[in-house]
Amino acid sequence: MAIPDPATRGVSGFNWLTVAKLFVPSALGILIFFIPVTLGGRNTILLDHMVTGARELLGEAAAFYALALIVAGAAYPLWKGTWRRSLTDRIFTVLKLAGVVVAIMAMTGWGPGLLHEPDMLPFLFNRLVIPVGLIVPIGAVFLALLISYGLLELIGVLLQPVMRPIWRTPGRSAIDAVASFVGSYSIGLLITNRVYQAGQYSAREAAIIATGFSTVSATFMIIVARTLDLMSVWNLYFWLTLAITFAVTAVTVRLPPLSQMNNERSDGEPEAIPGKRLNTAWRAGLEVAAQAPGLHRSVALNVREGLLMAISILPSIMSVGLLGLLAAKYTPLFEWLGLLFYPFVAIWGLEDGMALAQASAAGLAEMFLPALLMAEAEFVARFAAGVVSVSAVLFFSASIPCILATSIPLSVGRIVVVWFIRVALSLMLAVPAGYLAQALSGA
């Protein structure tokens, strides 16, 4: 798609209204997601204040709201017929139906007593499911300000020169990578699959992006930070997690199995950028801003996507999350897996090193489990667990089934190997990042 000259006055010609559409929503989105504000004695970002306010406003109704989302999420694949697509879809449909039963148990107190211990269903439902059910739709409203008015395109063009040498992906993947990290893995995988099917990504490039950039959204990162009591260092947590996630990806692309995948593309067009890069980035941002729909349409679209994401994930969090908590507490499964990761933590002499290694291993089942298991640990271990929750990228309750549903040729075996490499590398970087955050924040 050619980018028109902003000196002309066409559909996306330069004018102050277009400039305002680029910068005003983007600046507001940055304010809401990244600028801490003190309200009611709490210093945190505005989105977190909004979620807290919404929960207080709903009171006991918040639990029924979360249950409604879980029921909708379990019914959705039956209504759309997507449960028939594959064995994976059928398995996760069963898990989502089980999530409804588990949610009802959490609300009513029915079921075995061990499930109602404070660190089981009450913790899972009250500390995770209800906040996720609130923050994803509310966050989606304001995510539209960040992703719909040209900021991503502007940043994407500026990042193009570093994509090929560092991450071995074409320049066009810069926008995909930023959209994946700031938006969500579902948005990122949708973009990646479409570009791969068009022949503009090779199988290896698509796999790199799917397993290396398609993280949970910034709104989900807030849930992790809240669970781990890291909102006081939110900006340090966000930016260090972003840096570590992309650094780990830069290493994994050079190791099997990703390095051995087919790298042929049917579209071999050069990715030349006309003119100076800053000028091109400016024009790209202005074009998107000029053609962006009205704010009400963008918000409506993002709220819809946010609700669909919430209902698709909440039932799995209840069922897979509970299975993970039970396995962590009553079986040696994650202790065994944790032994494989312990050497990558032990080099830093962390007091809670073994617990962190075991919690990180639990992230394969559900990305929130490391945060849940390390919620009471000391600061550095909590910070590292929060980083690994995101930088691992891959987990069976949501992102892995999404990848398997695309055309990207990644098997479960390959995905698990990539997950192991990512967690090991993430732990090596996340612990010193936790010490750095502790020093900078005085935590």
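Just so it is clear, the model here is predicted, and its values are computed rather than measured. Residue positions are given per chain, counted from 1 along the sequence in the order it is written. In keeping with the predicted nature of the model, local features appear solely for residues at pLDDT of at least 70, side-chain atom pairs appear and are counted solely at 80 or more, and the whole-chain, interface and lining totals rest on all residues. The side-chain numbers reported here are obtained from all heavy atoms of the structure, hydrogens and water having been left aside.

Comments concerning the pattern of salt bridges
Argument step 1. The salt bridge criterion pairs a side-chain nitrogen of Lys or Arg with a carboxyl oxygen of Asp or Glu, the two atoms within 4 Å. Using the criterion set out here, one finds four salt bridges in the structure.
Argument step 2. Across the pair Asp48 and Arg226 runs a salt bridge whose closest N-O atoms are separated by 2.2 Å. In this pair, Asp48 sits in helix α2 (residues 46-58) while Arg226 sits in helix α10 (residues 218-227), placing the two residues 178 residues apart along the sequence.
Argument step 3. Residue burial is assigned from relative accessible area. The probe radius is 1.4 Å, only protein chains are included, and a residue is buried under 20% of its type maximum, exposed over 50%, and partly exposed in between. For Asp48, a relative accessible area of 0% corresponds to the buried category.
Argument step 4. The exposure class of Arg226 is partly exposed, given its relative accessible area of 24%.
Argument step 5. A salt bridge links Asp89 to Arg85; the shortest N-O distance between them is 3.2 Å.
Argument step 6. Here Arg85 falls in the exposed class, since its relative accessible area comes to 56%. By the criteria applied, helices consist of DSSP H or I runs no shorter than four residues and strands consist of E runs no shorter than two, each listed in order from the N terminus.

Side note on a nonpolar patch on the surface
Argument step 1. Candidate patch residues must exceed 30% relative accessible area and have no salt bridge, after which like charges are joined if within 9 Å and Val, Leu, Ile, Met, Phe, Trp or Tyr side chains if within 5 Å. We get accessible surface area from the Shrake-Rupley algorithm with a probe of 1.4 Å; when it comes to residues, only the shown protein chains can shield them. A contiguous nonpolar surface patch, about 440 Å² in accessible area, is contributed by Ile347, Trp348, Met428, Leu429 and Tyr435.
Argument step 2. For Ile347, the location among the structural elements is in the loop between α14 (333-346) and α15 (353-362).

A closer look at the environment of Gly212
Argument step 1. Relative to the helices and strands, Gly212 is located in helix α9 (residues 203-212).
Argument step 2. The spacing of Gly212 and Ala385 is 173 residues in sequence and 18 Å in space, taken between C-alpha atoms.
Argument step 3. Residues are treated as being in contact if the distance between any of their heavy atoms lies within 4.5 Å. Ignoring any residue separated from it by four or fewer positions in sequence, one finds Gly212 in contact with Thr245, Thr249, Val393 and Arg422.

Re the pairing of strand β2 (residues 42-45)
Argument step 1. A pair of strands counts as paired when DSSP detects no fewer than two bridges linking them. Two strands pair when backbone bridges link them, and strand β1 (residues 36-39) and β2 are joined in this way by four bridges, in the antiparallel orientation. Across the sheet, the residue bridging to Leu39 is Arg42, located in β2.
Argument step 2. Joining the antiparallel neighbours β1 and β2 is a turn of two residues, in which Gly40 adopts a positive phi near 60 degrees.

Re the side chain of Ser391
Argument step 1. Looking at the secondary structure, you find Ser391 in helix α17 (residues 379-391).
Argument step 2. Residues adjacent in sequence count toward polar contacts only when both atoms are side-chain atoms; beyond that, a polar contact is any pair of N or O atoms within 3.5 Å, and within protein one must be able to donate a hydrogen and the other to accept it. A distance of 2.8 Å separates polar atoms of two side chains, one belonging to Ser391 and the other to Ser426.
Argument step 3. In this view, Ser391 contacts Ile244, Thr245, Arg422 and Ser426; residues no more than four positions away in its chain are not counted.

Some thoughts on empty space enclosed by the protein
Argument step 1. Computed over the protein atoms alone on a 1 Å grid, cavities are sets of points where a 1.4 Å probe fits but cannot get out and pockets are open sets with protein on both sides within 12 Å along at least five of seven lines; a residue lines them when it has an atom within 4 Å of a point. Grid points are joined across faces, edges and corners, and a volume is the space filled by probe spheres set on the points. Scanning the model with the defined rule gives two cavities of 30 Å³ or more in all.
Argument step 2. There is about 50 Å³ of room inside the largest cavity.
Argument step 3. For the lining of the largest cavity, the secondary-structure elements that each account for two or more residues are α17 and α19 (412-441).
Argument step 4. As a working rule, the residues Ala, Val, Leu, Ile, Met, Phe, Trp, Tyr, Cys and Pro are called nonpolar, Asp, Glu, Lys and Arg charged, and the rest polar, with Gly in that last group. In terms of residue class, the lining of the largest cavity is built from eight nonpolar, three polar and no charged.
Argument step 5. Quantified by volume, the second largest cavity comes out at close to 40 Å³.
Argument step 6. Taken together, 10 residues form the lining of the second largest cavity, with Phe220, Ile313, Met367, Phe368 and Phe395 sitting closest to its centre.
Argument step 7. Each residue belonging to the lining of the second largest cavity can be placed in one class, and the counts come to eight nonpolar, one polar and one charged.

Digging into helix α6 (residues 151-167)
Argument step 1. The largest bend in α6 amounts to roughly 50 degrees and is located at Leu159, with the proline Pro161 lying one to four residues further along.
Argument step 2. Buried residues of α6: Leu151, Leu152, Glu153, Leu154, Gly156, Val157, Gln160, Met163 and Trp167, and no others.
Argument step 3. Of the residues flanking the end of α6, it is Arg168, one or two places downstream, whose phi is positive at about 60 degrees. Two axes enter the definition of the bend at a residue: one is fitted to the seven residues ending there, the other to the seven starting there, and the bend is the angle between them.

A closer look at the packing of helix α4 (residues 87-108) against helix α13 (residues 295-330)
Argument step 1. Where α4 contacts α13, the axes come no closer than 7 Å and their chain directions differ by 75 degrees. In terms of axis orientation, α4 runs roughly perpendicular to α13. Contact residues: α4 offers Phe92, Leu95, Lys96, Ala98, Gly99, Val102, Ala103 and Ala106, while α13 offers Ser312, Pro315, Ser316, Met318, Ser319, Val320, Leu322 and Leu323.
Argument step 2. Classifying every residue of the contact of α4 with α13 gives 11 nonpolar, four polar and one charged. To get an axis, a line is fitted to the C-alpha atoms, and for a helix only the part in contact is used. The angle between two axes follows their N-to-C directions and goes from 0 to 180 degrees. Roughly parallel means an angle under 35 degrees; roughly antiparallel, over 145; roughly perpendicular, 65 to 115; everything else is oblique.

A word on the confidence of the model for the protein chain
Argument step 1. For every residue, the predictor reports its confidence as pLDDT, a number between 0 and 100. For the protein chain, mean pLDDT is 84; residues scoring 70 or higher make up 90% of the total.
Argument step 2. Taking the mean pLDDT of every element in the protein chain, the minimum, 69, falls on helix α7 (residues 173-182) and the maximum, 96, on α17.
Argument step 3. Low pLDDT, under 50, characterises residues 1-13; the predicted model gives this stretch 26 contacts beyond four residues in sequence or across chains.

Looking at unusual backbone geometry
Argument step 1. Residue Pro257 is bonded to the preceding Pro256 through a cis peptide linkage, with omega at 5 degrees.
Argument step 2. Checked against the element boundaries, Pro257 lands in the loop between α11 (234-252) and α12 (277-291).
Argument step 3. Backbone geometry at Asp229 places phi at a positive 55 degrees, although glycine is not the residue there.
Argument step 4. Its location among the elements puts Asp229 in the loop between α10 and α11.
Argument step 5. Residues other than glycine seldom take positive phi values, yet Val393 does so here, at roughly 70 degrees.
Argument step 6. With respect to the element layout, Val393 can be found in the loop between α17 and α18 (399-404).

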